[in-house]
Amino acid sequence: MGCRLCCIALLFTLCFAADPYVNFELEYSYITVSPLGVPQQVIAVNGKFPGPVLNVTTNYNVVVNVKNKLDENLLVTWSGIQMRRSSWQDGVLGTNCPIPAKWNFTYQFQVKDQIGSFFYAPSLNLQRASGGFGSFIITNRNIIPIPFSPPDGDIVIIIGDWYTRDHKALRKDLDAGKQLGMPDGVLINGKGPFRYNTTYVPDGIDYETINVNPGKTYRVRVHNVGVSTCLNFRIQNHNLLLVETEGYYTSQQNYTSVDIHVGQSYTFLVTMDQNASSDYYIVASPRFVNQSLWQKVTGVAVLHYSNSKGKAAGPLPDPPNDAYDTSYALNQAMSIRQNVSASGARPNPQGSFHYGQINVTDVYLLKSVPPVVIDGKLQATYNGISFKNPETPIRLADVYRVKGDYKLDFPTKPMNRPPKVDTSLINATYKGFIEVILQNNDTVAQSFHMDGYSFFVVGMGFGEWTENNRGSYNRWDAIFRSTTQVFPGGWTAIMASLDNVGVWNLRAENLDRWYLGQETYMRIINPEDHSNKTELPVPSNALYCGALASKQKPQKTSSATTIFRSSEMYLTFMLIFSAVISLLC
C-alpha cells in the first residue's frame, strides 16, 4: 500500500511538473491593403498584417498549426528560436519540405531555456517582402528575476523597408538579373508614414499611433523584418534604454537612436517623461544609403500621450550625422555588451560561460561580394559558392540514405577559382567551438543569421580581416545573439559552441542576397550517438519531397497533419505513465 501511495505521489509530481503546452493556429492568406497609398496584395496571418503576436513562457512546448491558403509553397521560420535537438522544425528548405498550397502543417518545438524578443516569418521565395511576419515573445518564468523593474506595459513595433511591388514581382526582377532598386517606403506595424512632410508623404496615408500614459515605463520590442535596409530607430525627445537583444540581456545603456539591421530585434525601456505639449515622432529611417535620394523612404509613427495637447509637428529628430565618420556605427554596435551578472532563462548568470577561454576547433572565413553572373544567371555567393537547395531536405536524406543530395566540402576560406552554384555544406564538429569571420566585400550593409544557435559577436572592423585582428576581440562580455551586421567593406567575427545537433542554416538575412544563393548549412552530428538519442527523431507528420516524394500521403482534411494538442498529450502521458507505475509497483 505504501508503495502504491508513493507511486501515486510520484505520478502526480511528475505530471504536474511537466512543461505546459500552448497552441496556435496561423492561417496564411492574401489580403489587399494600401500601406503607402497604393492598393496591393500582402500576405496576412489570421487576416492581419502584420500577423498576431505569439506570446509564450520559457520552456513551454509550442504547437503551431500553419494553414497555407496561398497559391504557392510556404515555410515558416522562427528567427532566433534555437529548436534544441530538432532542426526538423526550423522551417527552411534545407531542413523541411515546403507546405504545398492549400495544405497545412503543424510545427511542434520547445522554447528550451530561452527568453526575449524574436519574430516568425515565411522563408521561401522573398515572401517576407509581402508580409507573413509577426512578433514571437518568450517571457520569463516567475521564479527567474528580470534585471530591471517590471515595466508598466509591453509595446511591439515592427519596422521594415517596403516595396509596392509584391514578392512575385520582386522575384521576377531578380530572376531577370535586375537589382531591386530603392524601396518605396518604410512601414511601422504595417502602416505608412505620418504626414510629417507634404512633399514626401501624400495625403490619406494610414499611420500607426502608439498610445501611452505619462510617467509610465514601457518595454518596447522592435523588429526589423524588412528586405535589405538597415533602419535607424528613434523616438523624439525620449531615451532608449537597451535591455535585451534576441534573447540575451544587455548591459543597460541609454541611446538617442539605434541602428537596427535587417533581421535584428531589440528591447528598450522607454519612460514617458515628457510634458506632452504635443505628440512625438517615432522614426525609422534608412542608413548607409544616399540620404538625398532616399528622403521619401522614412517610416514615421506617432507616440501619443493620454494628456497630449496636440499633434506632432515640425521636423523629424535628426538621424546620426556620420556620413564621413565610419567609426560611429561600428562603435555603437560594439558598445552593445552582455549583462554578465543577470540571469537569463535559468537561475545561473548567463555570463558564467567563459567563451574567451575555449579553444577554437573550426575557423571559417565567409566572404561575400556583389552578385555575379554564373551560367547566365545572377547569383550571390559565400566563398564563391551560390547555394542550391537540395531536392530532399538534408537530414531526411541522411535518415533514408539518399545519396548525392549534398556535399560536405564547403571551403574554409575563399578559393582561387571561378564562382559556381553548388549544394555544399559545412561539416562542423559536434561540441566544437567555431570561429566565423564574415568578410563583406559587397557594396551594401548586410545581416548574417545563424539558425539553431546564438553566437558571440567578438569583433568588427573595416578593411580586410587578418589574423592580427584577433587581438582586438572582446573575450569577456560580447553580446550573444543570432543576427549580426557586417558593414560594407568590413568584417565581423563571431564565435559559437556547437552543442545543438542537426542541420542549421547560415544566411544573409538581406532577402535579395538570400534569394540569390548567399547561404549554406552546418551539418552537426554526434559521431558517438549510434542509437540516435542526441537528436529528436523525424516527426511523425514530416512532409516528404524530392527522392522521398513517394512516401508522402495525400492530405485528406485541413487538420490531417495536426499532432498532439496539449490536452491529448497530457492524457496520453498520464495513461502511459500510470501503466508503467502499475508495473513497477
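Residues numbered from 1 in each chain as written. Predicted model: local features only at pLDDT ≥ 70, side-chain atom pairs only at ≥ 80, totals over all residues. Heavy atoms only, no water.

1. Considering the overall build of the protein chain
So, point 1. Scanning the protein chain from terminus to terminus reveals six helices and 33 strands.
So, point 2. For 585 residues, the compact-globule estimate of 2.2 N^0.38 gives 25 Å, and the C-alpha radius of gyration of the protein chain, at 24 Å, lies within 12% of that figure.
So, point 3. Projected onto its principal axes, the C-alpha coordinates of the protein chain cover approximately 80 × 60 × 55 Å.
So, point 4. When burial is assessed residue by residue, the protein chain has 57% of its 585 residues classed as buried.
So, point 5. Here the contacts in the protein chain between residues at least 6 apart in sequence split such that 78% fall between residues at least 24 apart.
So, point 6. Of the roughly 23,800 Å² that the protein chain leaves accessible, carbon and sulfur atoms contribute 52%.
So, point 7. For the protein chain, the centre of its 49 positive side-chain charges and the centre of its 46 negative side-chain charges are spaced 5 Å apart. (Helix = DSSP H or I, 4+ residues; strand = E, 2+ residues; numbered from the N terminus. Rg over C-alpha atoms; globule rule 2.2 N^0.38 Å. Buried < 20%, exposed > 50% of the residue type's maximum accessible area, 1.4 Å probe, protein only. Contact = heavy atoms within 4.5 Å. Areas by Shrake-Rupley, 256 points an atom, 1.4 Å probe, with all protein chains shown as cover. Lys, Arg positive; Asp, Glu negative; His and termini not counted. Charge placed at Lys NZ, Arg CZ, Asp CG, Glu CD.)

2. Digging into the UniProt feature "domain: Plastocyanin-like" (unreviewed entry) in the protein chain
So, point 1. Within the UniProt annotation, "domain: Plastocyanin-like" (unreviewed entry) is assigned to residues 29–142, 154–308 and 392–528.
So, point 2. In residues 29–142, the share of helix is 0% and the share of strand is 41%. The end C-alpha atoms are 36 Å apart.
So, point 3. With 8% helix and 39% strand, residues 392–528 has end C-alpha atoms that lie 25 Å from one another. (UniProt positions renumbered as here; feature names shortened; annotations may be inferred.)

3. A look at the pairing of strand β17 (residues 265–271)
The side chains of a regular strand alternate between the sheet's two faces.
So, point 1. The buried fraction of β17 amounts to six of the seven residues, a majority that puts the element mostly inside the structure.
So, point 2. Inspection of the sheet shows strand β14 (residues 240–245) paired to β17 by three bridges, in the antiparallel sense. Paired with L242 across the two strands is F268, which belongs to β17. (Pairing = 2+ DSSP bridges.)

4. Things to note about the state of the cysteines
So, point 1. All chains considered together, the criterion is met by one disulfide.
So, point 2. Between C97 and C545 runs a disulfide, and the two sulfur atoms are separated by 2.1 Å. Given an S-S torsion of about -85°, the disulfide between C97 and C545 has left-handed geometry. Here the residue C97 occupies a position in the loop between β5 (76–79) and β6 (104–110), and C545 occupies one in the loop between β33 (519–524) and α6 (566–584), the gap between them amounting to 448 residues. (Disulfide = S-S within 2.5 Å.)

5. With respect to helix α3 (residues 327–335)
So, point 1. All of the buried residues along α3 are A329, L330, Q332, A333 and M334.
So, point 2. The secondary structure elements touched by the buried residues of α3 are β15 (248–255), β16 (258–260), β28 (455–462) and β30 (483–486).

6. Details of unusual backbone geometry
So, point 1. The step from F49 to P50 runs through a cis peptide bond, and the omega angle for that step is -5°.
So, point 2. Following the sequence through the fold, P50 ends up in the loop between β2 (40–45) and β3 (54–57).
So, point 3. The residue N189 is not glycine, and still its phi comes out positive at about 55°.
So, point 4. Structurally, the position occupied by N189 is in the loop between β10 (185–188) and β11 (209–212).
So, point 5. You can call N189 buried: its relative accessible area is 12%.

7. What about the sheet that holds β2?
So, point 1. One open sheet holds the four strands; their spatial order is β2-β1-β4-β6, and the pairing between them is mixed. With one partner strand each, in any of the chains shown, β2 and β6 form the two edges of the open sheet. Strand-to-strand, the axes of this sheet are offset by a mean angle of 20°, without reference to chain direction.
So, point 2. Sheet topology note: the strand β1 (residues 21–33)/strand β4 (residues 61–68) ladder contains eight bridges and is parallel. Following the sheet pairing, N23 is matched in β4 by V63. (Axes fitted to C-alpha atoms, helices over the stretch in contact; angles between N-to-C directions.)

8. Quick word on the side chain of Q127
So, point 1. The residue Q127 is located in the loop between β7 (116–122) and β8 (134–139) in this model.
So, point 2. A polar atom in the side chain of Q127 sits 2.9 Å from the side chain of E72.
So, point 3. Once residues lying within four places of it in the same chain are set aside, the contact partners of Q127 are I43, L70, E72, N73, L74, P122 and H167. (Polar contact = N/O pair within 3.5 Å; in protein donor to acceptor, adjacent residues only side chain to side chain.)

9. Points about the pairing of β28
So, point 1. Within β28, seven of the eight residues are buried, which leaves the element mostly enclosed by the surrounding structure.
So, point 2. Here β28 pairs with strand β29 (residues 480–481) via two bridges, running antiparallel. By the bridge assignment for β29, F455 is matched with R481.
So, point 3. Note: β28 against strand β31 (residues 490–497), six bridges, orientation antiparallel. Bridge pairing links M460 to T492 in β31.

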